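Summary of the model geometry
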Amino acid sequence: MIRALILCLILALPVSAQETIVTDLSRDQVSITADFQGSEIFIFGAVKRDAPVLEGAGPLDVIIEVSGPPAELTVRRKDKRFGIWVNADSVTVDRAPSFYTIAATSPMGDILSDRERQSRNLGLDFAVQGEAEDFRAAVIRIKQAEGNYATEETPVNLTEDTLFTTEVALPANLIEGDYTATIYLVRNQQIISASSQVIEVRKAGLEKWLYDMAQDQALWYGLMSLAVALLAGWGASELFRLLRR
Amino acid sequence: MQIYLPIAEVSVNIFLLLGLGGLVGILSGMFGVGGGFLMTPLLFFIGIPPAVAVATEANQIVASSFSGVLAHLRRKTVDLKMGAVLLIGGLIGAALGVQVFKMLREIGQVDLLISLSYVVFLGVIGGLMFLESLRAIRRAKRPGPKPKIKRHTWIHGLPFKMRFRTSNLYISVIPPLVVGALVGVLAAIMGVGGGFIMVPAMIYVLGMPTKVVVGTSLFQIIFVTGFTTLMHATQNHTVDAMLALLLLLGGVVGAQIGARIGVRMKAEQLRILLALMVLAVCGKLAADLIFMPSELYSIGESGH
């Protein structure tokens, strides 16, 4: 059904000189509710071309990058001082996305030159940027252990050099922000076309209400927390007094 | 079933939280302590950020101590006047503690401060309690004259004396103020009510009669932890209402069950068990400080 739609879309579009991408996501909004258990996002699209591919052109590959909002991080290293392990050095890692995963038709290192990857900040080696190499590597290691950075590439299905699909899993401990899904078309170690989509990840319902209140009306939030605590304490005391009779 | 905690920003199993609340509740009901000193480290172990764990635990203690103090008020075993004096000290201490906490959080040493406070206080209290109960058990086996508690110490030489009728005491207000302040600082930094320090201090330093000690301690703890909750909520935005509620539900039920188990056990056995538990938590935290951690690096609060 989706594929048929895309095909219709491609046929209806005006012709252009290059290979370009038509793409969509199964969802472009993710709501973090109290029972949020992670989310799967289905990314699909098609390659649109007006003329047949030239002979001798290398094989077509697709790379899909899904990246969370980047932030500056303070990374600390423990060191032994006075016989105990304490945070000693602290280094700023200039840019680290909150979430990162790559999906590709073949291993990315084989199909795309390092220079191209560097210019697009593509792949964990280039997406996480910082002066101190061991601190940068630590961010990748920690985020991978948390499940926020993928340890391996997800496969992308490419049919007839035209239709591509993949599925990206977002973990349960996601943070809010605008995530981007970028699709790259690759031939001969070079990116020939790119297209981006935004995935809005937002807290919703009770989560949003509590979070906003804690930030914007901190005093009322504190008082509410106290009221809940006192009520529960009183409730438990009364309940068990009744049961004891 | 997983639940996403809005402030901690982690997804945790809901039954794990209810279970933890229940387990610590049972222990607190058995031993008559708030259980914060056990719950806060347990929350660290399951991956709640320490700043959130400490602030949220303060909120939970409000609930459990309020539940407890109601029972003591009915039995008239709360010295309200002494409680008020301890409270004044407590509020000063808590305000100070939250500031220290905020400052250390900015320079990335708050985890160390929390761990160190735990190791020191749990080690000292656990050790003393363990030795004391061993001695009590040996005394019980070899009957003899009970050692007399000295009722007149240097404490009684201090100025600003005040009469506390319920406790049957006429002492200076300085020692209770100091004890209150110390517990207030601990409440803010460690996310504990401080009962495990306050109760021995009231008996041995202030010389209060044992029957009013627990109720008075709980009375003061409600206000200090309540104040701490408010301070953390307004200054650090680290109170997680969802986490607190889940811990609470497990905790209040567990406390009642624990109280029933406690009645069937001997006091010395209870105290020695509690001491061993305190020492075990202390040992685990100390090991984390002494042995090389598997991951030397940690990601702090995002820099601005």
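Predicted model only: the values in this text are computed from it and were never measured.

What counts and how
Residue positions are given per chain, counted from 1 along the sequence in the order it is written. Each chain is given a letter, starting from A, and each ligand a number, starting from 1, according to the order in which they appear as written. Reporting in this predicted model follows two pLDDT cut-offs: at least 70 for local features of residues, and 80 or more for side-chain atom pairs to be given and counted; totals over whole chains, interfaces and linings ignore these cut-offs and use all residues. Note on conventions: DSSP H or I runs of at least 4 residues are helices, E runs of at least 2 residues are strands, and numbering of each starts at the N terminus. Radius of gyration: C-alpha atoms only; globule rule: 2.2 Å multiplied by the number of residues to the exponent 0.38. As a rule, residues whose C-beta atom has 12 or fewer other C-beta atoms within 10 Å are exposed, those with 20 or more are buried, and those in between are partly exposed; C-beta atoms are placed from the backbone. Residue pairs are scored as contacts if the distance between their C-beta atoms, which are placed from the backbone, is within 7 Å. Residues are grouped as follows: Ala, Val, Leu, Ile, Met, Phe, Trp, Tyr, Cys and Pro are nonpolar; Asp, Glu, Lys and Arg are charged; all remaining types, including Gly, are polar. Whether two strands pair comes down to DSSP finding at least two bridges between them. Predictor confidence is given residue by residue as pLDDT, running from a minimum of 0 to a maximum of 100. We define the nonpolar core as any set of buried residues of the types Ala, Val, Leu, Ile, Met, Phe, Trp, Tyr and Cys, connected via C-beta atoms lying within 7 Å of each other. Each domain's extent is set by a domain assignment, obtained either automatically or from a database. Multiplying 1.5 Å by the residue count of a helix minus one yields the expected span of that helix.

Let us now look at the overall build of chain B. For chain B, the count of helices and strands is ten helices and five strands. Relative to the compact-globule value of 19 Å for 304 residues, chain B shows a C-alpha radius of gyration of 19 Å, a close match. Judged by the C-alpha coordinates and their principal axes, chain B covers about 60 × 45 × 40 Å. Counting over 304 residues, chain B shows a buried share of 49%. The contacts of chain B with a sequence gap of at least 6 include a subset with a gap of at least 24, amounting to 80%.

Opposite the 47 residues of chain B that make contact, chain A presents 48 residues. Those elements giving two or more residues to the side of chain B that touches chain A turn out to be β1 (2-4), α3 (50-74), α8 (210-236), α9 (241-263), α10 (267-290) and β5 (297-299) of chain B. When residues of the side of chain B that touches chain A are assigned to their parent elements, the largest contribution, nine residues, is made by α3 of chain B. By residue class, the composition of the side of chain B that touches chain A is 27 nonpolar, 17 polar and three charged. Sheet analysis places strand β5 (residues 70-81) of chain A next to β5 of chain B, joined by three bridges and oriented antiparallel. Bridging from a neighbouring strand, R76 of chain A pairs with S298 of chain B of β5 of chain B.

The predicted model of chain A has a mean per-residue pLDDT of 83, with 93% of residues at 70 or higher. Here residues 11-17 of chain A is modelled with pLDDT under 50, and outside its nearest four sequence neighbours on either side it reaches four contacts, counting other chains as well.

Turning next to the environment of A188 of chain B. Along the chain, the position of A188 of chain B falls in helix α6 (residues 174-190). Setting aside residues up to four positions removed in sequence, A188 of chain B forms contacts with A94, G97, V98, F101, T228 and M231 of chain B.

Looking now at the nonpolar core. By size, the foremost hydrophobic cluster in this structure holds 141 residues, and its most contacted members are I64 of chain A together with L5 and L243 of chain B. Ranked by the residues each element gives to this core, the list is headed by α8 of chain B, at 13 residues. When residues of this core are sorted by domain, at least three fall in each of domain 1 (2-203) and domain 2 (204-245) of chain A. When neighbours within four sequence positions are excluded, L5 of chain B is seen to be in contact with V10, V12, D240, M242 and L243 of chain B.

Here helix α7 (residues 218-244) of chain A spans 39 Å end to end across 27 residues, near enough to the 39 Å set by a 1.5 Å rise per residue. Buried residues of α7 of chain A: Y221, G222, S225, L226, A229, A232, G233, A236 and S237 of chain A, and no others. In this fold, the buried residues of α7 of chain A make contact with α6 (205-216) of chain A together with α3, α8 and α9 of chain B.

As a further point, take helix α5 (residues 110-141) of chain B. In a regular helix each residue adds 1.5 Å, so 32 residues correspond to 46 Å; α5 of chain B covers 46 Å between its end C-alpha atoms and thus fits that length. Within the sequence span of α5 of chain B, burial applies to V110, D111, I114, S115, Y118, V119, L122, I125, G126 and S133 of chain B.

Our focus in this paragraph is the domain arrangement of chain A. Residue and element names in this part refer to chain A. Examined at the domain level, chain A breaks down into domain 1 (2-203) and domain 2 (204-245). The C-alpha centroid of domain 2 is placed 41 Å from the C-alpha centroid of domain 1. In this assembly, six residues from domain 1 lie in contact with six residues from domain 2. Only β2 (29-32) and β12 (190-203) provide two or more residues apiece to the side of domain 1 that touches domain 2. In terms of residue class, the side of domain 1 that touches domain 2 is built from two nonpolar, two polar and two charged.

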